[in-house]
Amino acid sequence: MAAFKEIEGGICAPQGFSAAGMHCGVRRNRTKKDLALIASEKRAVSAGVFTQNLVKGAPLVVSKENLADGYASAIVINSGNANTCNKNGLEIASQMCELTAGCLGFDAKDILVASTGVIGAELTLDAIGPGIRELSRNMGDFSNDAAEAIMTTDLVKKELAVEFEIDGVPCRIGAIAKGSGMLHPDMATLLVFVTSDVDITPEMAQKLVSADVCDSFNMLTIDGDTSTNDTLFFMANGLAGNAVVSGAGEAFDTLASVYSWVTTTLCKMIAKDAEGATKLITVNVSGAKDKQAAKTVAKAVASSILVKCAVFGADANWGRVLCAIGYSGADVDINKIDVEFVSKGGQVKVCENGYGLDFNEPTARRTLLDDDIVINIALDEGEETSTSWGCDLTYDYVKINGDYRT
């Protein structure tokens, strides 16, 4: 891991970025912000990754087109309405870009757009239009407001920033994210916006985000549902003044290492704030014969409804872990699997070589009563590893999603 330090400022920490957030009226609750704007003073190299769901929100279609040249100047985001499965969705998304561009003095093709919220509800510009005009007049170091404005059922804002060096030049990365339900590998129900003042080519920026997502957000799972609006945008305006990162090498490796810390930290923050969740579950797999097997096992266990329920109830029902591995589709030798549960409350090995151990139940329960649970799985077939993040399944998850639309 490259050296870095955490700093304040979120997406406004890198040079040349400003942001703002407000309640404009998309959401009925006036105490909830629902519109955010992020802008770079210099046209920025930009890259993105999107949901794998065949049903995609209109903003994704428009943003993909605007990202084709690898540059963007601003991002406009609304919460409360996903602008998905709407007859005029593409028109609304395009008009959001045009309004933002007009207010900020940019080209509409340099605006990215994202939406999150209820699917299938009509969205108009009646509230968004005036909101964009107001936000554009009040841009500043308001990352916190932007982070709040993109939230839906989130209870906690996800925001961070770091400073590091490339070839001795100080550089920064800032990020905000949202997501707490409808989350599953292959880009989950989340919006992630990452800013940086690093100088990098469009090709290497896309390589950065596309490679990283395989080990970060694609390893995050809450409930098995892959959303229609998952979006990650990365913008880098080059104002740090480092030598441009144009290919593989030490500079790119440093950037990738720090960027990975940012994204995996966001994954943990999102999983811990999942709808109704009381516990973060981290599944570490080691000793796999290949990377795909490690990922498959980790995701299967983190996604298992029965494992989630057992963790919620502090029940060391390790057989559910083995069961999830067995149906995962990974080619593993079940007679070599070891499993242990770890937390600040304790550590207990429950399975060795595929068979149960005579473990101390009170110790196991103390371990699983913690709010940060680690499940370590050793396959003893190779050197590959992988990690997946999830959460427990609680009564509140059902309550939240039982009346989400109404």
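Residues numbered from 1 in each chain as written. Predicted model: local features only at pLDDT ≥ 70, side-chain atom pairs only at ≥ 80, totals over all residues. Heavy atoms only, no water.

Quick notes on the pattern of salt bridges
- Under the definition given, this model contains twelve salt bridges.
- A salt bridge links Lys289 to Asp331, with the nearest nitrogen and oxygen atoms 3.3 Å apart. Remark: Asp331 occurs in the loop between α9 (319–327) and β11 (338–343) and Lys289 occurs in the loop between β10 (280–288) and α7 (291–303); sequence separation between them is 42 residues.
- Residue Lys289 is classed as partly exposed on the basis of its relative accessible area of 40%.
- Relative accessible area serves as the criterion here: at 53%, Asp331 is assigned to the exposed category. (Salt bridge = Lys/Arg side-chain N within 4 Å of Asp/Glu carboxyl O. Helix = DSSP H or I, 4+ residues; strand = E, 2+ residues; numbered from the N terminus. Buried < 20%, exposed > 50% of the residue type's maximum accessible area, 1.4 Å probe, protein only.)

Considerations on the packing of aromatic side chains
- With the rule as written, the count across this model stands at four aromatic pairs.
- Summarising the aromatic geometry, the rings of Phe4 and Trp261 are spaced 4.7 Å apart at their centres and angled 45° between planes, so their arrangement reads as tilted. Here Phe4, found in strand β1 (residues 4–7), pairs with Trp261, found in helix α6 (residues 250–272); they are 257 residues apart in sequence, far enough to count as distant.
- Taking relative accessible area as the criterion, Phe4 reaches 27% and is therefore assigned partly exposed. (Phe/Tyr/Trp six-rings, centres within 6.5 Å; stacked < 30°, edge-to-face > 60°.)

Here we look at the nonpolar core
- Formed by 79 residues in total, the largest nonpolar core has its most connected members in Phe217, Ile375 and Ile377.
- For this core, the element with the highest residue contribution is α6, accounting for eleven residues.
- Ignoring any residue separated from it by four or fewer positions in sequence, one finds Ile375 in contact with Ile281, Thr282, Val283, Asn284, Val301, Val307, Val321, Val339, Glu340 and Phe341.
- Among the nonpolar cores identified, the runner-up in size contains 24 residues, and Ala44, Ala147, Leu191 and Phe193 belong to it. (Core = buried A, V, L, I, M, F, W, Y, C linked by side-chain atoms within 4.5 Å. Contact = heavy atoms within 4.5 Å.)

Overview of the sheet that holds strand β14 (residues 372–378)
- In space, the six strands of this open sheet follow the order β13-β12-β11-β14-β10-β15, with mixed pairing throughout. Among the strands making up the open sheet, the edge pair consists of β13 (355–356) and β15 (384–391).
- Sheet topology note: the β10/β15 ladder contains seven bridges and is antiparallel. For Thr282, the partnering residue across the bridge sits in β15 and is Trp389.
- Contacting β10, β14 and β15, α7 runs over the sheet at an angle of about 20° to β15. (Pairing = 2+ DSSP bridges. Axes fitted to C-alpha atoms, helices over the stretch in contact; angles between N-to-C directions.)

Describing the environment of Thr221
- Tracing the backbone shows Thr221 in the loop between α5 (202–213) and β9 (231–236).
- In this structure the C-alpha to C-alpha distance between Thr221 and Gly105, which are 116 residues apart in sequence, comes to 39 Å.
- Within the structure, the side chain of Thr221 is placed 3.3 Å from the side chain of Ser303, a separation counted as a polar contact. (Polar contact = N/O pair within 3.5 Å; in protein donor to acceptor, adjacent residues only side chain to side chain.)

Examining unusual backbone geometry
- Despite not being glycine, Cys85 shows a phi value in the positive range, around 60°.
- The topology assignment puts Cys85 in the loop between β4 (71–81) and α2 (89–104).
- Located in the positive-phi region is Asp167, a residue other than glycine, with phi close to 55°.
- Residue Asp167 is classed as exposed on the basis of its relative accessible area of 61%.

Some details on the pairing of strand β2 (residues 17–22)
- Most of β2 sits inside the fold, with six of its six residues counted as buried.
- Pairing of β2 with strand β3 (residues 35–50) involves six bridges; the strand directions are antiparallel. Note that in β3 the partner of Ser18 across the bridge is Ala39.

Some details on empty space enclosed by the protein
- Scanning the entire structure with this criterion turns up two cavities of 30 Å³ or more.
- Here the largest cavity defines a volume of roughly 40 Å³.
- For the lining of the largest cavity, the element with the most residues is helix α8 (residues 305–312), which contributes three residues. (1 Å grid on protein atoms, 1.4 Å probe; cavity = no way out; pocket = protein on both sides within 12 Å on 5 of 7 lines; lining within 4 Å. Points joined across faces, edges and corners; volume = space filled by probe spheres on them.)

Considerations on the pairing of β3
- For β3, the buried fraction is high: 13 of the 16 residues fall into the buried class.
- One ladder, built from seven bridges, connects β3 with β4; its direction is antiparallel. Its bridge partner being in β4, Leu37 is matched across the sheet by Val76.
- Relative to β9, β3 is paired through six bridges, and the arrangement is antiparallel. Paired with Val45 across the strands is Ala236, a residue of β9.

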